[in-house]
Amino acid sequence: MEGRADLHIHTTHSDGAYSARAIVGHARRAGLTTISITDHDSTGAIDEAIAVGRACGVAVIPGVELSASLDGQDVHILGYFLDHTHDGVQAHLQVLRRERLRRAERIVGRLNDLNVPLPFEAVLDQAGHGSIGRPHIAHAMLELGLTQTYHEAFLKYIGSGRPAYERHAKMTPREAVALIAMAGGLSFIAHPGASVTDDMLKTLISDGVDGIETVHPCHPPEREAFYAGIAAEYFLLTSGGSDFHGTKKHGPVYLGTSTIPEPWVAAMRRRLFDRPQVRGLDFPPTGIPPAAGFLGSGTA
Ligand code: AMP
Ligand code: FE
Ligand code: FE
Ligand code: ZN
């Protein structure tokens, strides 16, 4: 039988609940042949995952999920096959994680101003060595009984547009694509169905992404088919995965339920082989007029 891959997984190096070692074990038991670890602004789990995967027959693709902002909207960009040992990329990721820490502090400050007595230390405990984010704040609030559920924290306080929300000091998607390209990786628009309008999709394609994450738990079949059509029209790659965080919401069984066939991974490898050395080049290449059709329609 053809192997299956899950290319969107978080670990304790960001807001996931499981270590790299545990994730690879769950992946093997779920029968996956390839996975990618895609922590937010961190590649800290990759080396361990590759080593454990090698020992038990699960291929591990280096990955990362970058937070970008387009016209004030959150856009996540996935990077695959990047050289995670690249000094320039690591320096950038470190800055992004430092910004996350400052933002988390600001969010906790806002919560305290709203008379929610959440100590910042409780959030730091949740984050451990991981790249800090709002899920750590939500878990700390839940544990201290400051909310009844994890989701309530987002709905009442820290979700987009709620009173304790703070924006990331974010880069543009174009910069995220350039950062991934600098380390020789392929970039994909993450879960576009979550927040990306069709106009934003056009901009992101023009920004030079290599593909679209068509398969994601938040995409119903018709969305998946829509994105697959766009990808085919513009010769883009397709990817997918479970966006597994291993929280109480998603038990380990969730790993392996949102997967892609191995030939999609093979197509990515071919693209890496086919394309010219990208390090140091501007993205997208200039001088190419926009295509007709989806990109050419509308006013964006
Ligand atoms: P951050 O990177 O700090 O902006 O946090 C983003 C993460 O928070 C996402 O990857 C989701 O896992 C989670 N998240 C964002 N909005 C919500 C929401 N409304 N309900 C539950 N989780 C959310
Ligand atoms: Fe996350
Ligand atoms: Fe995401
Ligand atoms: Zn994710």
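Residues numbered from 1 in each chain as written. Chains lettered and ligands numbered in written order. Predicted model: local features only at pLDDT ≥ 70, side-chain atom pairs only at ≥ 80, totals over all residues. Heavy atoms only, no water.

**Some words on the coordination of the iron ion (ligand 2)**
- Ligation of the iron ion (ligand 2) by protein atoms is provided by Asp15 (OD), Asp15 (OD), His40 (NE2) and His245 (NE2), these donors lying 2.1 to 2.8 Å from the ion.
- Around the iron ion (ligand 2) sit 4 donor atoms, and with donor-metal-donor angles ranging over 50 to 137° the site reads as irregular.
- Within one chain, the residues donating to the iron ion (ligand 2) are spaced in sequence as D-x24-H-x204-H.
- Between the iron ion (ligand 2) and the iron ion (ligand 3) the interatomic distance comes to 5.5 Å. Of this pair, Asp15 sits in the loop between β1 (4–9) and α1 (20–29) while His40 sits in the loop between β2 (34–37) and α2 (46–56); the two residues are 25 residues apart in sequence, bridging distant segments of the chain. Like Asp15, the residue His40 is buried in the burial classification. (Donors = N, O, S within 2.8 Å, 3.2 Å for Na, K, Ca; no water. Tetrahedral: all angles 85-135°; square planar, octahedral: opposite > 155°, others 65-115°. Helix = DSSP H or I, 4+ residues; strand = E, 2+ residues; numbered from the N terminus. Buried < 20%, exposed > 50% of the residue type's maximum accessible area, 1.4 Å probe, protein only.)

**A word on helix α7 (residues 173–182)**
- Those residues of α7 that fall on the buried side of the exposure criterion are Pro173, Ala176, Val177, Leu179, Ile180 and Ala181.
- Of the surrounding elements, those touching the buried residues of α7 are β3 (59–70), β4 (73–80), α3 (87–113), β5 (186–189) and α9 (198–206).
- Backbone geometry just downstream of α7 places Gly184 in the positive-phi region, at approximately 75°. (Contact = heavy atoms within 4.5 Å.)

**Quick notes on the pairing of strand β6 (residues 211–215)**
- Of all 5 residues in β6, 5 are buried, a share of seventy percent or more.
- Sheet topology places β5 next to β6; 2 bridges connect them, and they run parallel. Among the inter-strand pairings, Phe188 is bridged to a residue of β6, identified as Gly211.
- Pairing between β6 and strand β7 (residues 237–240): 4 bridges, direction parallel. Of the residues in β7, the one forming a bridge with Gly211 is Leu237.
- Handedness of the β-α-β unit built from β6, helix α10 (residues 221–233) and β7 comes out right-handed. (Pairing = 2+ DSSP bridges. Right-handed = clockwise from strand over helix to strand, strands pointing away.)

**Describing the confidence of the model for the protein**
- For the protein, per-residue confidence averages 90 on the pLDDT scale, and 88% of positions sit at 70 or higher.
- Low pLDDT (under 50) marks residues 278–292, which in the prediction has 21 contacts with non-local residues, meaning those over four places away or in another chain.
- Segment residues 296–300: pLDDT under 50, and 4 contacts once partners within four positions in sequence are set aside and those in other chains are kept. (pLDDT = per-residue confidence, 0-100.)

**Overview of the site of ligand 1**
- Every residue lining ligand 1 is accounted for by His40, Arg100, Arg103, Gly133, Arg134, Pro135, His151, Phe154, His168 and His245.
- Taking Arg103, its side chain carries an N or O atom lying 2.9 Å from an oxygen atom of ligand 1.
- Within the side chain of His151, one N or O atom sits 3.4 Å away from a nitrogen atom of ligand 1.
- Computed on the free molecule, ligand 1 has an accessible area of 500 Å², of which 75% lies beneath the protein chains in the complex.
- Secondary-structure elements contributing two or more residues to the shell around ligand 1 are α3, α5 (134–143) and α6 (150–158). (Near = heavy atom within 4 Å. Polar contact = N/O pair within 3.5 Å; in protein donor to acceptor, adjacent residues only side chain to side chain. Areas by Shrake-Rupley, 256 points an atom, 1.4 Å probe, with all protein chains shown as cover.)

**Looking at the pattern of salt bridges**
- Tallied over the full model, the rule gives 8 salt bridges.
- The shortest N-O distance in the salt bridge between Arg110 and Glu166 comes to 2.6 Å. Note that Arg110 is positioned in helix α3 and Glu166 in the loop between α6 and α7, a separation of 56 residues in sequence.
- One salt bridge in this structure joins Asp199 and Lys202, with 3.4 Å as the shortest N-O distance. Note that Asp199 and Lys202 are positioned in helix α9 at a spacing of 3 residues, about one turn of the helix. (Salt bridge = Lys/Arg side-chain N within 4 Å of Asp/Glu carboxyl O.)

**A few points about the packing of helix α4 (residues 120–127) against α5**
- Contact pair α4 / α5: the axes reach a minimum separation of 8 Å and the direction vectors enclose 115°. For the pair α4 and α5, the crossing hand works out as right-handed. Touching Ala122, Val123, Gln126 and Ala127 of α4 are His136, Ile137, His139, Ala140 and Glu143, all from α5.
- Here the contact of α4 with α5 is built from residues that sort into 5 nonpolar, 3 polar and 1 charged. (Axes fitted to C-alpha atoms, helices over the stretch in contact; angles between N-to-C directions. Left-handed = near helix turned anticlockwise from the far one by under 90°. Nonpolar A, V, L, I, M, F, W, Y, C, P; charged D, E, K, R; others polar.)

**Concerning the sheet that holds strand β8 (residues 260–261)**
- What the 8 strands build is an open sheet, ordered β7-β6-β5-β4-β3-β2-β1-β8; its pairing is mixed. If you trace the sheet from one side to the other, it starts and ends with β7 and β8, each paired once.
- In the sheet, β1 pairs with β8 via 2 bridges, with the strands oriented antiparallel. Bridge pairing in β8 places Arg4 opposite Pro261.
- The strands touched by α7 within the sheet are β3, β4 and β5, with β3 carrying the most contacts at an inclination of about 155°.
- Across the sheet, α10 is in contact with β6 and β7; its angle to β6 comes to roughly 155°.

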